[in-house]
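Here are the chains, one letter per residue:
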Amino acid sequence: MQDAVLAMLAKEPSHGYHLRARLRQCLGPLGESMNSGQIYVTLTRLEKAGLVVCERAAGLPERPERKVYALTPAGQRRVAAWLTEVGWPKPDLAEFHLKLAAAAAARLADPVELVAAQRRELLRRLREVQQAALAEPAGSGAGLLLEGVVLRLRADLRWLDACERAWSGAGDEVEGG
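Nothing here was measured: the structure is a model prediction, and the numbers come from that model.

1. Quick word on the overall build of the protein
Next up, step 1: Helix and strand content of the protein: 7 helices and 2 strands.
Next up, step 2: Counting every position in the protein, which comprises 177 residues, the buried fraction comes to 39%.
Next up, step 3: For the protein, the share of sequence-separated contacts (at least 6 apart) that also reach a separation of at least 24 residues comes to 59%.

2. A closer look at unusual backbone geometry
Next up, step 1: Notably, arginine 107 is not glycine yet its phi reads approximately 55°, a positive angle.
Next up, step 2: By the element assignment, arginine 107 lies in the loop between α5 (93-105) and α6 (111-135).
Next up, step 3: For arginine 107, a relative accessible area of 65% translates into the label exposed.

3. Some points on the confidence of the model for the protein
Next up, step 1: Looking at the protein, pLDDT values average 84 and 89% of them are 70 or higher.
Next up, step 2: Here residues 171-177 is modelled with pLDDT under 50, and outside its nearest four sequence neighbours on either side it reaches 18 contacts, counting other chains as well.

4. Concerning helix α4 (residues 73-84)
Residues separated by three or four positions in an α-helix point in the same direction, a consequence of the helix having 3.6 residues per turn.
Next up, step 1: Helix length check: α4 (12 residues) gives 17 Å between terminal C-alpha atoms against 16 Å at 1.5 Å per residue, within 8%.
Next up, step 2: Buried residues of α4: Gly75, Val79, Trp82 and Leu83, and no others. For α4, the buried positions fall inside an angular range of 95° around the axis, keeping them on one side. Every exposed residue of α4 that faces more than 90 degrees away from the buried side is listed here: Pro73, Arg77 and Thr84.

5. Quick notes on the packing of aromatic side chains
Next up, step 1: Here the structure, examined in full by the defined rule, presents 1 aromatic pair.
Next up, step 2: A cation over an aromatic ring shows up here: lysine 99 above the ring of tryptophan 82, its NZ or CZ 5.2 Å from the ring centre.

6. Considering the pattern of salt bridges
Next up, step 1: On inspection of all chains with the given rule, the structure shows 7 salt bridges.
Next up, step 2: Note that arginine 78 is salt-bridged to aspartate 3, the shortest N-O span being 2.7 Å. Linking arginine 78 in helix α4 with aspartate 3 in helix α1 (residues 2-11), this pair joins segments that are 75 residues apart in sequence.
Next up, step 3: The class of aspartate 3 is buried, set by a relative accessible area of 17%.
Next up, step 4: One salt bridge connects arginine 125 with glutamate 121, and the closest N-O pair in it is separated by 2.4 Å. Taken as a pair, arginine 125 and glutamate 121 lie in helix α6 at a separation of 4 residues, close to a single helical turn.
Next up, step 5: Overall, the relative accessible area of 18% leaves arginine 125 in the buried class.
Next up, step 6: One salt-bridge network, in which partners are shared between bridges, spans Glu121, Arg124, Arg125 and Glu128.

7. Some details on the environment of tyrosine 17
Next up, step 1: If you trace the backbone, tyrosine 17 turns up in helix α2 (residues 16-27).
Next up, step 2: Taking the C-alpha atoms as reference, tyrosine 17 lies 9.6 Å from arginine 66; in sequence the two are 49 residues apart.

8. Describing the nonpolar core
Next up, step 1: Core analysis: the biggest nonpolar cluster contains 41 residues, and Val5, Leu9 and Leu23 have the highest contact counts within it.
Next up, step 2: Put simply, the parts of the chain that give this core at least two residues each are α1, α2, α3 (36-48), β2 (66-71), α4, α5, α6 and α7 (141-170).
Next up, step 3: Beyond its immediate stretch of four places on either side in the chain, leucine 9 contacts Ser14, Leu19, Leu43, Val52, Tyr69 and Leu71.

9. Describing the environment of proline 13
Next up, step 1: Along the polypeptide, proline 13 turns up in the loop between α1 and α2.
Next up, step 2: Separated by 40 residues in the primary sequence, proline 13 and valine 53 place their C-alpha atoms 9.5 Å from one another.
Next up, step 3: When residues no more than four places from it in sequence are discounted, the contact partners of proline 13 are Val68, Tyr69 and Ala70.

The rules behind each value
Throughout, a residue's number is its position along its own chain's written sequence, starting from 1. For this predicted model, a pLDDT threshold of at least 70 governs which residues receive local features, and a threshold of 80 or more governs which side-chain atom pairs are given and counted, while totals over whole chains, interfaces and linings are taken from all residues. Values shown for side chains rest on all heavy atoms present in the structure; no hydrogens or waters enter the calculation. Helical segments are the DSSP runs of H or I of at least four residues, strand segments are the runs of E of at least two, and each set is numbered from the N terminus. Type-normalised accessible area, obtained with a 1.4 Å probe on protein chains alone, sets the label of each residue: buried when under 20%, exposed when over 50%, and partly exposed for intermediate values. Note on contacts: a residue pair is in contact if any heavy atoms of the two residues lie within 4.5 Å. pLDDT: the predictor's confidence for each residue, scored from 0 to 100. In this analysis, the expected span of each helix is defined as 1.5 Å times one less than the number of residues it contains. Throughout, the arc means the angular range of directions from the helix axis out to the C-beta atoms. Pairs were defined over the aromatic rings of Phe, Tyr and Trp, the Trp ring being its six-membered one, requiring ring centres within 6.5 Å. Orientation was assigned from the angle between planes: stacked under 30 degrees, edge-to-face over 60, tilted for the rest. Consider the ring centre and the ring normal. A charge sits over the ring if Lys NZ or Arg CZ is within 6 Å of that centre and within 35 degrees of that normal. For this analysis, a salt bridge means a side-chain nitrogen from Lys or Arg found within 4 Å of a carboxyl oxygen belonging to Asp or Glu. Nonpolar cores were defined as sets of buried Ala, Val, Leu, Ile, Met, Phe, Trp, Tyr and Cys residues, with membership established by side-chain atoms within 4.5 Å.

Set out below in structure tokens:
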């Protein structure tokens, strides 16, 4: 969650309410369960870690001042590192989706290139697991486990294909869902 918030701030400084709305929009129905306090706790932690700074912005007469958060240079470096990180074998699909949306929105990276990097890593791991499965005796428990890993990696590859199709033609339009 912290990295997704940082990436959203890479596009522009923002207040917590706006960040929450953007994250919920990106996640669609999965974002409905997002606790509103979670964003503010995350922002406080990021500020304490020196990854964001907070400034007070004048509010409207009927609204109080708002805190506006912006990335520090350390926050910018962390976002750049997060975008190049490969998150398999146990991906958080919602986090990867947010990575694609944030990268496109802030023009930090091409989402299709991020998908390609993930695909290369998955294919490498798939080859390794398939070789290990071939070395196992027929009917072994380890062979069955390795077969499950192969099936999971293949499913993840199909999902990446869907991500690539969506981001190849849609760009920022996919941010909403």
